[in-house]
Amino acid sequence: MSTYTEQPDGIFKTVCSLDCPDQCGLLVHKEQGKIVKIAGDPEHPVTRGNICNKVRHMAERIYDEKRLTHPLKRVGPKGSRQFERISWDEAIETITSRWKALIAEHGPESILPYSFYGNMGNINAEGMDRRFFHRMGSSQLERTICTAAGGAGFKHTVGGSIGADPEDTVHTKLFIFWGINAVSTNMHQITLAQQARKQGAKIVVIDAHKNQTGRLADWFIPVLPGTDTALALGLMHILFAENRVDENFLQQHTLGHEELRQHVKAYDPATVAAITGVPVDGLYKLARMYHETTPALIRIGNGLQHHDNGGMNTRAITCLSVLTGQWLVAGGGAIRSNSAYLSFNSEALQRPDLLVKRNTRSFNMNQLGRILAMKEQPVHSLYVYSSNPAVVAPKAGQVREGLAREDLFTVVHDLFLTETAAYADIILPATSAFENHDFYTSYWHLYMQIAEPVIETYGESKSNTEVFRLLAAAMGYEEQALQDSDEQLIRQALDHPANPGLQNISYEGLLEHKYIKAHRPYIYPDRLDTPSGKVELYSSTLEQMGLPPLPTYVPLKEQDDDGYLYIPGPAHNYLNSTFSNNAKHAGMEKAPRLYMNTVDAERHGIVDGDWVIISNHNGSCELMAAVGETVLPGVVVSQGLWADTSDYQPTHLVNALTPDRLSDMGGGATFFSSRVQVQKRHDVVADTAIEASAAL
């Protein structure tokens, strides 16, 4: 175990735990046992000492006066935030005795875990917890809220999460950032692009909103939400029609290129321009630029996958990325995720063999509201950790109705009394990542990293792994797998001969070096994990699933409905709901804004700074209008998941409006495929709006 905690003063290497592709190397400064500064590690080969404000101010989150220090039990109505202190012994006894009773009366599937990656440490995010709930035989959770659709679309095309090495992109001459606000969500790819720009590289940004990334581009291309597949097909049409494809690459490394060549003839520039909002001359300019520039890289973002057609959007762009043979050039091709290079032994870590009943029911986490509303074989207990579904889950109003059920026994393990914890019966205080022992795998760069505890645990807080060991013992589960130490969990995960990328990575090596780069066992695309072993432009697997085998544009399900296309995007200073309860971060974000086009605002009599109400059949919320030309007419965009206000009313709850439909592939979320009505709030004038927002 770490000796860091035994040293009250010094500077210690560790890693950022946030759900971010950059996964920065950090230097934590301690004085008298307390963190006084968090800085980037300048020796880290990718992040090189640069970190975002979220991490820079993390110490304030760790020592926030609102942070939980001991277990609590509810003493008032659900949602009232009335709790009293209890001991850990009482908390564990209360939880396990209730679970034993529920299992005896309703069976273990009456209990449901709910979690995601609020902490990206692998053993805390998907280790002892999975073992525990497998052993219990509880209902299982399909954790698909983030990258499932894009991951499926990419996998059906190239076989898995592999792409260009970010370190090679210093040689790239054309960057296309497609559906990603990288300034806020992948800042080091921007740093690399800016470095390449000094050598003549150009940056193109394709997005529905001219956000910070769009503003730094050499060319920003606004696109109507959910039409990314059509745009990619239109570009492919031009590339094929003008003989701007790499025929040798297509012959050697792809399957279905002739079928695709015929298929894209239907996506002529005029048709695609009408669908996407991108002018015909812009289509020709981008297609020719893409053909004429090498290396050319497409950075495929998460945003475009959060649609009804999200898997196909990612698949179509991936198909486009192979047509000119850029994958064979260092700094060319595409990056969506590189997690396959660092894939560890998830079966050894999660132990699915402990789940005896193979047909145990499972639920998609995007549909928590309807799950909690079930009348037949309902969920009677919910255990929430590393997530805040009252804010982040789709149809958040229905989610909160479910959480308010008096017959639902809810346990929340978190650092703060979150909006979800307000509905809990028992709240358990969680450690921060700086108090945990864990290993980390980036899904962008190729470095595995390890973290040792830097500080003593805060108050009576405990890590996920420690809590599940306590729960297992109290439930009477005697399997060794439920007693393994954190070190044993990490060693078991790293023992993975099936992935040659880990051949040079060991537990001891990580402790010594703190980060080690994965070995790239082959040069793409010589050996792909697709049925054909090639890039599958035509996918028989998708055909068997009842989906188009070739990339095909399918409009959004609410495309023809009245109202504005609505995208609730990420904020610069929050990460989902994390940091939204911090006054400094809320102050940096200033106000929950709704970006809308000047033409649309004038039609409603809305001026910049007005408070507006946006609503649909799922709910409503209030945001401040930001009027301008950053979005196309007919489109509105917000940024960030804002914490409930002081009276605990979800005034700015944007996910009250989002649908819980599932994407075309992977069962992913469709946050960005809704429509809303917009109207001015007449009781607040523009002059007082900014002052009001400052109180948030």
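Above this text is the structure in question.
Throughout, a residue's number is its position along its own chain's written sequence, starting from 1. In keeping with the model being predicted, local features are shown solely for residues with a pLDDT of at least 70 and side-chain atom pairs are shown and tallied solely at 80 or more, while totals for entire chains, interfaces and linings include all residues. Based on all heavy atoms of the structure, the side-chain values leave hydrogens and waters out of the count.

Colleague: Could you give an account of the overall build of the protein, with specific residues and numbers?
Modeller: Per the secondary structure count, the protein includes 26 helices and 27 strands. A compact globule built from 696 residues would reach a C-alpha radius of gyration of about 26 Å, and the protein, at 25 Å, matches this within 12%. Along the longest, intermediate and shortest principal axes, the C-alpha atoms of the protein span 70 × 65 × 55 Å. Burial here depends on accessible area, computed with a 1.4 Å probe over protein chains only, as a share of the maximum for the residue type. Under 20% is buried, over 50% is exposed, and the range in between is partly exposed. Burial analysis of the protein (696 residues in total) assigns 63% to the buried set. Whether two residues are in contact is decided by their heavy atoms, any of which lying within 4.5 Å being enough. Intrachain contacts of the protein at a sequence separation of at least 6 include 76% that bridge at least 24 residues. Accessible surface is estimated by sampling points in the Shrake-Rupley manner with a 1.4 Å probe; for residues, cover comes only from the protein chains shown. For the protein, the exposed surface amounts to about 25300 Å²; the carbon and sulfur share of it is 49%. Only DSSP runs of H or I reaching four residues or more are called helices, and only runs of E reaching two or more are called strands; each is numbered from the N terminus. Each radius of gyration is computed over the set of C-alpha atoms, and the globule rule expresses the reference value as 2.2 Å times the number of residues to the power 0.38.

Colleague: Before we move on, can you summarise helix α5 (residues 128-136) with the specific residues and values?
Modeller: Counting buried positions along α5 gives 8 out of 9 residues, so the element sits mostly inside the fold. Buried residues of α5: Met128, Asp129, Arg130, Arg131, Phe132, Phe133, His134 and Met136, and no others.

Colleague: I'd like a description of the pairing of strand β15 (residues 381-385), backed by residues and values.
Modeller: Counted residue by residue, β15 has 5 buried out of 5 residues, so it is predominantly covered. The alternating pattern of β15 places Ser381, Tyr383 and Tyr385 and Leu382 and Val384 on opposite faces, both of which are buried. Pairing between strands is defined by DSSP: at least two bridges between the two strands are required. Pairing of strand β6 (residues 111-115) with β15 involves 5 bridges; the strand directions are parallel. Bridging across to β15, isoleucine 111 finds its partner in serine 381.

Colleague: So, the sheet that holds strand β23 (residues 593-597): which residues are in play, and what are the values?
Modeller: The 6 strands are arranged β22-β26-β23-β25-β24-β27 in a closed barrel whose pairing can be described as mixed. Between one strand and the next, the sheet's axes are offset by a mean angle of 45 degrees, whatever the strand orientation. Here β23 pairs with strand β25 (residues 619-628) via 5 bridges, running parallel. Note that in β25 the partner of tyrosine 595 across the bridge is alanine 626. The axes are straight lines fitted to the C-alpha atoms, using for helices just the contacting stretch, and the angles between their N-to-C directions are given from 0 to 180°.

Colleague: Which residues make up the side chain of threonine 530, and what are the values?
Modeller: Inspection of the secondary structure puts threonine 530 in the loop between β20 (515-517) and β21 (535-536). Look at threonine 530 and you get buried, because its relative accessible area is 10%. With sequence-adjacent residues up to four places away left out, threonine 530 is seen in contact with Lys155, Thr157, Val158, Gly159 and Glu536.

Colleague: Got a sec to walk through the environment of leucine 653? Specific residues and values, please.
Modeller: Considering the arrangement of structural elements, one finds leucine 653 in the loop between β26 (635-639) and β27 (674-680). Counting along the chain gives 301 residues from leucine 653 to proline 352, while the straight-line C-alpha distance between them is 36 Å. With residues near it in sequence (within four places) discarded, leucine 653 still touches Ala390, Val391, Ala396, Arg400, Ser620 and Cys621.

Colleague: Can you break down the packing of aromatic side chains residue by residue, with the values?
Modeller: Note on aromatic contacts: the rings of Phe and Tyr and the six-membered ring of Trp form a pair at centre separations within 6.5 Å, being stacked when their planes are under 30 degrees apart, edge-to-face when over 60 apart, and tilted otherwise. Enumeration over the complete set of coordinates arrives at 18 aromatic pairs. Geometrically, the ring pair formed by tryptophan 99 and phenylalanine 133 is edge-to-face, given 6.2 Å between the ring centres and 65 degrees between the ring planes. With tryptophan 99 in helix α3 (residues 88-106) and phenylalanine 133 in helix α5, the pair connects residues that are 34 residues apart, well separated along the chain. Taken together, a centroid distance of 5.6 Å and an interplanar angle of 75 degrees make the contact between phenylalanine 133 and phenylalanine 468 edge-to-face. Taken together, the residues phenylalanine 133 in helix α5 and phenylalanine 468 in helix α20 (residues 464-475) connect sequence positions 335 residues apart. For the pair phenylalanine 133 and phenylalanine 468, one class covers both residues: buried. One aromatic cluster in this structure is built from Trp99, Phe132, Phe133, Tyr383, Tyr385, Phe468 and Tyr477. Positioned over the ring face of tyrosine 63 is lysine 34, at 4.8 Å from the centre of the ring. We count a charge as sitting over a ring when the NZ of a lysine or the CZ of an arginine lies within 6 Å of the ring centre and within 35 degrees of the ring normal.

Colleague: Before we move on, can you summarise the sheet that holds β15 with the specific residues and values?
Modeller: Within the open sheet, the 6 strands sit side by side as β5-β4-β17-β16-β15-β6. Their pairing is mixed. Both outer strands of the open sheet, β5 (83-85) and β6, are each paired with one neighbouring strand and no more. Averaged over neighbouring strand pairs, the angle between their axes works out to 20 degrees when direction is ignored. In this sheet, β5 lies alongside strand β4 (residues 72-74) in antiparallel orientation, the contact comprising 3 bridges. Counterpart to arginine 74 in the pairing with β5 is phenylalanine 83. The strands that α3 touches are β4, β6, β15, β16 (409-414) and β17 (426-429); relative to β17, the one it contacts most, it runs at about 130 degrees.

Colleague: Any details on the packing of helix α10 (residues 228-241) against helix α14 (residues 280-292)? Residues and values, ideally.
Modeller: Packing of α10 against α14 leaves a shortest axis separation of 9 Å and a crossing angle of 65 degrees. By the angle between their directions, the pair α10 and α14 is classed as roughly perpendicular. Helix-helix and strand crossings are classified by hand; for α10 and α14 the assignment is right-handed. Contacts between α10 and α14 involve Leu231, Leu235, Ile238 and Leu239 from the first element and Leu283, Tyr284, Leu286, Ala287, Tyr290 and His291 from the second. Residues are grouped as follows: Ala, Val, Leu, Ile, Met, Phe, Trp, Tyr, Cys and Pro are nonpolar; Asp, Glu, Lys and Arg are charged; every other residue, Gly included, is polar. Of the residues contributing to the contact of α10 with α14, the split by class is 9 nonpolar, 1 polar and no charged. Should an angle lie under 35 degrees it is considered roughly parallel, over 145 roughly antiparallel, and from 65 to 115 roughly perpendicular; all remaining angles are considered oblique. Two helices cross in a left-handed way if the nearer one is turned anticlockwise from the farther one by less than a right angle. They cross in a right-handed way if the turn is clockwise.

As far as function goes, none of this settles anything; it's purely spatial.
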